[in-house]
Amino acid sequence: MPSPIRPLALKPHLDHLYSFYNARHWIHPDPLEFLYNYPNPEDREIVGIIGSSLAYGRVDQILKTVSSVLTRLGPSPYTFLKDTTSDTLHALFKGFKYRFTTAEELVRLLTGIQAVIDTFGSLYACFLEGFHVEDETVLNGLCFLTDAIRSPFDRAANSLIPDPGRGSACKRLNLFMRWMVRRDAVDPGGWDQVPP
């Protein structure tokens, strides 16, 4: 019977893989690449939640869809969402469809982000309202953030905004968190008060 692999014996190999792949040129094709087009942290977090929320399906279609949404929001999604109306969002995304995500679901996500901006100033500030450094996980912060995004619609079901409090795996939300929390050659970070 072969002896079990010791975790310490793996560390050099894993460190080597990390140092090799921890480079920006490996990012494409991944919706993460859109975040690098936005130096403003408030824009970047909006791009991150849109990109991660739509990150399902074939990667070429994901990139095409995310690009389409971001193009409509202009050079500063944060400023656009702060200054636009619900009617404008509905008109702008009329006919939008990506797999099972409808225009209404996308507009609800964007309207929820608007509500968070109006109340907290940013997604990060909202997340921090529910998160405490002594928490063992980010669950409380994620629950608070998603609840705030869903609040304009009485927390109605939405394929883009999972409910971590109800046991959702939140794969796409955790992808968003990785982009926001880790800071290295791949992930831009910015949510510095959340330990990786």
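The structure presented is a predicted model; accordingly, all values stated were derived computationally and were not measured. (Residues numbered from 1 in each chain as written. Predicted model: local features only at pLDDT ≥ 70, side-chain atom pairs only at ≥ 80, totals over all residues. Heavy atoms only, no water.)

1. Points about the packing of helix H7 (residues 123–130) against helix H8 (residues 139–150)
In a packed pair of helices, the relevant descriptors are the angle between the two axes and the axis-to-axis distance.
Okay, step 1: Where H7 meets H8, the axes come as close as 7 Å, and the angle between the chain directions of the two elements is 125°. In terms of their interaxial angle, H7 and H8 are classed as oblique. Here H7 runs over H8; the crossing is right-handed. Residues Leu123, Cys126, Phe127, Glu129 and Gly130 of H7 lie in contact with H8, whose contacting residues are Asn140, Gly141, Leu142, Phe144, Leu145, Ala148 and Ile149.
Okay, step 2: Per-class residue counts for the contact of H7 with H8 are 8 nonpolar, 3 polar and 1 charged. (Axes fitted to C-alpha atoms, helices over the stretch in contact; angles between N-to-C directions. Helix = DSSP H or I, 4+ residues; strand = E, 2+ residues; numbered from the N terminus. Parallel < 35°, antiparallel > 145°, perpendicular 65-115°, else oblique. Left-handed = near helix turned anticlockwise from the far one by under 90°. Contact = heavy atoms within 4.5 Å. Nonpolar A, V, L, I, M, F, W, Y, C, P; charged D, E, K, R; others polar.)

2. With respect to the environment of Arg150
Okay, step 1: Within the secondary structure, Arg150 is located in helix H8.
Okay, step 2: Residue classification places Arg150 among the buried positions, given a relative accessible area of 10%.
Okay, step 3: Setting aside chain neighbours within four positions, we find Arg150 in contact with Arg155, Ala156, Ala157, Ile161, Pro162 and Asp163. (Buried < 20%, exposed > 50% of the residue type's maximum accessible area, 1.4 Å probe, protein only.)

3. With respect to the pattern of salt bridges
Okay, step 1: Going through the model one piece at a time under the given rule, you end up with 7 salt bridges.
Okay, step 2: Across the pair Asp187 and Arg182 runs a salt bridge whose closest N-O atoms are separated by 2.7 Å.
Okay, step 3: Among the residues examined, Arg182 registers a relative accessible area of 33% and is labelled partly exposed.
Okay, step 4: Its salt-bridge partner being Asp192, residue Arg183 comes within 3.2 Å of it at the nearest N-O pair.
Okay, step 5: Taking relative accessible area as the criterion, Asp192 reaches 56% and is therefore assigned exposed.
Okay, step 6: One salt-bridge network, held together by shared partners, links Arg178, Arg182, Asp184 and Asp187. (Salt bridge = Lys/Arg side-chain N within 4 Å of Asp/Glu carboxyl O.)

4. As for unusual backbone geometry
Okay, step 1: With an omega dihedral of 0°, the bond running from His28 to Pro29 counts as a cis peptide bond.
Okay, step 2: Topologically, Pro29 is positioned in the loop between helix H1 (7–21) and helix H2 (41–53).
Okay, step 3: Unlike most non-glycine residues, Cys170 shows phi in positive territory, near 55°.

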